[in-house]
Amino acid sequence: MKPSPSPRTARRAIVGVVVAAAGISILAVLLVLAAWRNDRTIESDMGTATAEVLSAGSLRSAVSFVTPDGITHNPKLGVLYPTNLTAGQRIDVEYARSDPDLVRVAGRDARVAIVPAGSVIVVTWLVAVPVLLVLRRRRDTGPS
């Protein structure tokens with residue numbers, strides 16, 4: 001039979017799980033806030049263009065587009081909100097004229113980040129709560 005962890009060890013484990021779950025939740029919220037900030041930057045000085053999707057992925061898609069001044073842009077970080085794109089596709093994009101590397105698929109905004117971020121938070125706590133319950137039970141039944 002394995003010995004129960006000391007109350008001090010169990011308490012540290014509980015704190016660790018809470019800190020990890022809270023940290024993940026905070027990062028998910030910050031992701032949505034950053035997307036919202038990027039949208040505000042684009043909307044404050046918006047340019048539009050037709051872009052070609054060079055490569056497509058669920059997290060990052062590379063695009064190339066030409067601004068009215070004739071300069072071709074290929075943003076290093078890709079396009080914001082890249083879901084359901086395919087390589088070779090031509091799409092409308094909106095970009096910040098002051099920073100053409102900040103570009104999003106036209107018609108999409110930070111709202112598309114809410115569901116994935118919310119899902120991450122829910123799953124994190126769905127995993128953390130049972131772990132916390134087990135740790136609390138072990139702490140409460142530990143050696144005196």
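Residues numbered from 1 in each chain as written. Predicted model: local features only at pLDDT ≥ 70, side-chain atom pairs only at ≥ 80, totals over all residues. Heavy atoms only, no water.

Novice: Just checking my understanding: could you explain the nonpolar core for this structure?
Specialist: In a soluble, globular protein the nonpolar side chains are often hidden away together inside. In this structure, Ala49, Ala51, Val53, Val63, Phe65, Val79, Leu85, Ile91, Val93, Tyr95, Val103 and Val105 together form the largest nonpolar core, which totals 12 residues. If you list the elements that add at least two residues to this core, you get strand E1 (46-55), strand E2 (62-66), strand E4 (90-96) and strand E5 (99-105). In this view, valine 93 contacts Gly47, Thr48, Ala49, Ala51, Phe65, Val79, Val103, Arg104 and Ala106; residues no more than four positions away in its chain are not counted. Ala28, Val32, Ala35 and Ala113 belong to the second largest nonpolar core, which has 7 residues in total. (Core = buried A, V, L, I, M, F, W, Y, C linked by side-chain atoms within 4.5 Å. Buried < 20%, exposed > 50% of the residue type's maximum accessible area, 1.4 Å probe, protein only. Helix = DSSP H or I, 4+ residues; strand = E, 2+ residues; numbered from the N terminus. Contact = heavy atoms within 4.5 Å.)

Novice: Any chance you could explain helix H1 (residues 7-44) here in plain terms?
Specialist: Turn by turn, an α-helix covers 3.6 residues, leaving residues three or four places apart pointing in a common direction. Compared with an ideal rise of 1.5 Å per residue, which puts 38 residues at 56 Å, H1 spans 55 Å between its outermost C-alpha atoms and is within 8% of the ideal. Those residues of H1 that sit buried are Ala10, Ile14, Val17, Ala21, Ser25, Ala28, Val32, Ala35, Asn38, Asp39 and Ile42. Contacts made by the buried residues of H1 are with E1, E4, E5 and helix H2 (111-140). (Expected span 1.5 Å × (residues − 1).)

Novice: Where do I start with the pairing of E2 in this structure?
Specialist: The side chains of a regular strand alternate between both faces of the sheet. Bridge count for E1 against E2 is 4 bridges, and the pairing is antiparallel. Across the sheet, residue serine 55 finds its bridge partner in E2, namely alanine 62. Relative to strand E3 (residues 72-73), E2 runs antiparallel, the two sharing 2 bridges. Along E3, the bridge assignment pairs valine 66 with threonine 72. The hairpin turn running from E2 into E3, its antiparallel successor, is 5 residues long, and glycine 70 in that turn takes a positive phi close to 85 degrees. (Pairing = 2+ DSSP bridges.)

Novice: Help me understand the packing of aromatic side chains, please; the structure alone is not making it clear to me.
Specialist: The relative placement of two aromatic rings is captured by the distance of their centres and the angle of their planes. Scanning the model with the defined rule gives 1 aromatic pair in all. Aromatic side chains phenylalanine 65 and tyrosine 95 sit 5.2 Å apart centroid to centroid with 35 degrees between the ring planes, which places their arrangement in the tilted category. A residue pair is termed long-range when its members are at least 10 positions apart, and phenylalanine 65 in strand E2 and tyrosine 95 in strand E4 qualify at 30 residues. Comparing phenylalanine 65 with tyrosine 95 shows no difference in burial state: the two are buried. (Phe/Tyr/Trp six-rings, centres within 6.5 Å; stacked < 30°, edge-to-face > 60°.)

Novice: Would you take a moment to explain the packing of H1 against H2 for this structure?
Specialist: How two helices sit against one another is set out by the angle between their axes and by the gap between those axes. At a minimum axis distance of 10 Å, the contact between H1 and H2 shows a crossing angle of 175 degrees. Taken as axis vectors, H1 and H2 run roughly antiparallel relative to one another. (Axes fitted to C-alpha atoms, helices over the stretch in contact; angles between N-to-C directions. Parallel < 35°, antiparallel > 145°, perpendicular 65-115°, else oblique.)

Novice: Would you take a moment to explain a nonpolar patch on the surface for this structure?
Specialist: The grouping of Ile26, Leu27, Val29, Leu30 and Leu33 at the surface amounts to a nonpolar patch, some 470 Å² of accessible area in total. Note on placement: isoleucine 26 falls in helix H1. (Patch = residues over 30% accessible without salt bridge, like charges linked within 9 Å, V, L, I, M, F, W, Y side chains within 5 Å. Areas by Shrake-Rupley, 256 points an atom, 1.4 Å probe, with all protein chains shown as cover. Salt bridge = Lys/Arg side-chain N within 4 Å of Asp/Glu carboxyl O.)

Novice: Explain the pattern of salt bridges to me, please; I cannot follow it from the model alone.
Specialist: Oppositely charged side chains are able to pair whenever their charged atoms sit close together. With the rule as written, the count across this model stands at 7 salt bridges. When the shortest N-O distance is used, the salt bridge between arginine 111 and aspartate 109 registers 2.8 Å. Overall, the relative accessible area of 60% leaves arginine 111 in the exposed class. A salt bridge links arginine 139 to aspartate 140, with the nearest nitrogen and oxygen atoms 3.2 Å apart. A relative accessible area of 54% places aspartate 140 in the exposed class. One network of salt bridges, in which partners are shared, links Asp39, Arg40, Glu43, Glu94 and Arg104.

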